[in-house]
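Residue-level listing of the chains:
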Amino acid sequence: MPQPDATVFARPEIEPPIGLLAELTHRCPLQCPYCSNPLELVRRSAELATDEWKRVFDEAAALGVLQLHLSGGEPTARPDLEELVAHARSLELYCNLITAGVGIPETRLDALVEAGLEHVQLSIQDVDPEGCDRIAGYRDSLAKKLAFARAVRARGLPLTLNAVVHRHNLDRLERMIGLALELGADRIEVAHVQYYGWALANRAALVPTRAQLERSIEVVERARRELEGRLVIDFVVPDYYARRPKPCMNGWGRAVLTVGPDGRVMPCHSAHVIPGLVFPNVREMPLAEIWYESDAFGRFRGTGWMKEPCRSCPRREIDFGGCRCQAMLLAGDPEATDPACELSPHHAAVVALAESESTTPPPPFLYRTLAGGRTRREPAPTV
């Protein structure tokens with residue numbers, strides 16, 4: 001496909017995207033039960049080829065994208081990752097690698113640095129080795145992650161720790177923040193599990209109690225005061241206990257687009273849960289046309305689609321109605337007020353659901369696998 005002129009499709013009322021989340025593959029050595037990937041994972045045979053990804057990056061740069069987030073699955077499962085990073089840097093895209101940090105030799109990290117990698121986000125499942133293995137479904141996972149983090153910092157790359165928290169590890173939040181300091185991380189993102197994909201299937205096993213949530217807020221607020229200037233702490237609370245919805249993706253089709261392993265383009269990685277939306281593919285349509293003209297990106301862009309109470313809410317251009325995927329999953333209507341908002345008629349039921357599930361014994365995890373998941377209590381063999 002020849003590269004189109006992005007200005008052909010530009011519309012003055014629509015800003016170009018800032019970021020591209022490139023989900024290079026769904027392959028991953030970890031089997032985390034809160035993975036945001038869809039339950040039906042893309043197989044390797046359906047993934048975009050190297051030249052196709054390069055064309056996507058060309059089109060993204062022409063469209064106005066500045067930040068490229070290389071994700072998955074595990075992006076280092078792609079043997080062409082260094083080539084893709086080098087191509088993205090030739091386009092002056094800022095390259096951020098989002099990785100599990102296991103099974104990556106230092107020679108591979110050196111090659112990525114040589115190619116132009118500029119930032120690393122490393123996921124940690126727990127600071128307790130046994131807990132880390134249990135969540136990841138991978139033996140000796142914490143030791144491998146810590147070695148990788150130290151190798152990243154030794155090479156001068158900025159490091160962010162992604163600490164996904166839930167009822168099984170939340171009581172060790174202070175130690176997670178301490179680990180970020182110990183490793184010399186610039187930033188830690190403390191993100192309560194968001195219930196989409198595999199996390200929704202495992203919600204009853206993961207949702208924290210209200211007491212755990214309140215304690216986590218206290219821990220983060222105190223750490224922010226004490227560590228100001230030393231460590232940036234981002235914090236994402238679980239929607240099920242919120243009073244106001246988050247501005248998901250800074251609004252539908254406003255700042256970020258996601259390209260899946262098979263080339264499907266969505267406003268966010270969970271948008272596939274909304275029935276009736278047809279998401280274009282970069283194999284069939286230019287990225288600029290998808291951004292500016294596709295029905296999928298225009299469907300919930302702005303505020304014109306809103307119903308009450310969102311339509312007249314003074315926050316409608318702050319939170320943009322919250323998450324459309326969550327409205328679909330919890331209210332059965334993607335146009336409904338996000339149930340995370342206390343103005344939603346579904347809000348009380350969602351809070352009651354969280355409180356009920358969090359105070360009953362957790363069921364076994366349904367681990368993420370290409371075969372569609374399986375339930376077991378012991379970590380999987382290292383792969």
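Residues numbered from 1 in each chain as written. Predicted model: local features only at pLDDT ≥ 70, side-chain atom pairs only at ≥ 80, totals over all residues. Heavy atoms only, no water.

Some remarks on the packing of aromatic side chains
As a reminder, the rule being used: Stacked, tilted and edge-to-face are the three classes applied to pairs of Phe, Tyr and Trp rings, where Trp contributes its six-membered ring and a pair requires centres within 6.5 Å; stacked means planes under 30 degrees apart, edge-to-face means over 60, and tilted covers the rest. Relative accessibility under 20% of the residue-type maximum defines a buried residue, over 50% an exposed one, and the middle range a partly exposed one, all with a 1.4 Å probe and only protein chains included.
Enumeration over the complete set of coordinates arrives at six aromatic pairs. Considering the side-chain rings of Phe300 and Trp305, the 5.3 Å spacing of their centres and the 85° angle between planes classify their relative orientation as edge-to-face. Across the pair, Trp305 and Phe300 agree in class, each one buried. On the basis of an interplanar angle of 90° and a centroid distance of 5.8 Å, the ring pair of Phe365 and Tyr367 is categorised as edge-to-face. The exposure classification of Phe365 matches that of Tyr367, with both residues buried.

Some words on the packing of helix α1 (residues 50-63) against helix α2 (residues 81-90)
For the record, the criterion: To get an axis, a line is fitted to the C-alpha atoms, and for a helix only the part in contact is used. The angle between two axes follows their N-to-C directions and goes from 0 to 180 degrees. Starting at the N terminus, helices and strands are each numbered in turn, a helix being any DSSP run of H or I of at least four residues and a strand any DSSP run of E of at least two. Between 65 and 115 degrees an angle is taken as roughly perpendicular, under 35 as roughly parallel, over 145 as roughly antiparallel, and anywhere else as oblique. Take the far helix as the reference: if the near one is turned anticlockwise from it by less than a right angle, the crossing is left-handed, and if turned clockwise, right-handed. Any two residues having at least one pair of non-hydrogen atoms within 4.5 Å are treated as being in contact. In this count, Pro and Cys sit with the nonpolar residues alongside Ala, Val, Leu, Ile, Met, Phe, Trp and Tyr, while Asp, Glu, Lys and Arg are called charged and the others, Gly among them, polar.
Contact geometry of α1 with α2 gives a least axis separation of 10 Å together with a crossing angle of 20°. By the angle between their directions, the pair α1 and α2 is classed as roughly parallel. Of the two possible hands of crossing, α1 and α2 adopt the one that is right-handed. Listed contacts from α2 to Thr50, Trp53, Lys54, Phe57 and Asp58 of α1 are Glu83, Leu84, His87 and Ala88. Among the residues making up the contact of α1 with α2, the classes are represented as four nonpolar, two polar and three charged.

Quick notes on the sheet that holds strand β5 (residues 159-165)
Put simply, the test is: When DSSP finds at least two bridges between two strands, those strands are taken to pair.
Read across the open sheet, the nine strands follow the order β7-β6-β5-β4-β3-β2-β1-β8-β9; overall the sheet is mixed. The open sheet has two edge strands with one neighbour each: β7 (232-236) and β9 (265-266). Note: strand β2 (residues 67-71) against strand β3 (residues 94-99), four bridges, orientation parallel. By the bridge assignment, His69 is partnered in β3 with Asn96. Packed on one face of the sheet, helix α6 (residues 173-183) meets β4 (119-124), β5, β6 (187-192) and β7 and runs near 170° to β5.

Things to note about the nonpolar core
The following threshold applies: What is meant by a nonpolar core is a set of buried Ala, Val, Leu, Ile, Met, Phe, Trp, Tyr and Cys residues, joined one to another through side-chain atoms within 4.5 Å.
By size, the foremost hydrophobic cluster in this structure holds 69 residues, and its most contacted members are Phe57, Leu161, Ile188 and Val259. Those residues within four positions of Leu161 in sequence are excluded, and the remaining contacts are Leu122, Ile124, Leu179, Ala180, Leu183, Ala185, Arg187, Ile188 and Glu189. Membership of the second largest hydrophobic core comes to 22 residues, among which are Tyr34, Ala100, Tyr195 and Leu213.

Some words on the pattern of salt bridges
Definition in use: Between Lys or Arg on one side and Asp or Glu on the other, a salt bridge is scored when a side-chain nitrogen of the former is within 4 Å of a carboxyl oxygen of the latter.
Under the defined criterion, the tally for this structure stands at 25 salt bridges. Across the pair Lys54 and Glu83 runs a salt bridge whose closest N-O atoms are separated by 2.6 Å. Here Lys54, found in helix α1, pairs with Glu83, found in helix α2; they are 29 residues apart in sequence, far enough to count as distant. Classification of Lys54 as buried rests on a relative accessible area of 18%.

Digging into the confidence of the model for the protein
What counts here: Every residue gets a pLDDT, meaning the predictor's confidence in that residue, from 0 to 100.
Averaged over all residues, the pLDDT of the protein equals 93, while 95% of them reach at least 70. Between residues 377-383, whose pLDDT stays under 50, and residues either more than four places distant or in other chains, the model counts 16 contacts.

Re the pairing of β7
Covered by surrounding structure in β7 are Ile233 and Phe235 only, the residues Val232, Asp234 and Val236 on the alternate face being uncovered. Where β6 meets β7, five bridges bridge the pair, whose relative direction is parallel. Looking at the pairing, Ile188 lines up with Ile233 of β7.

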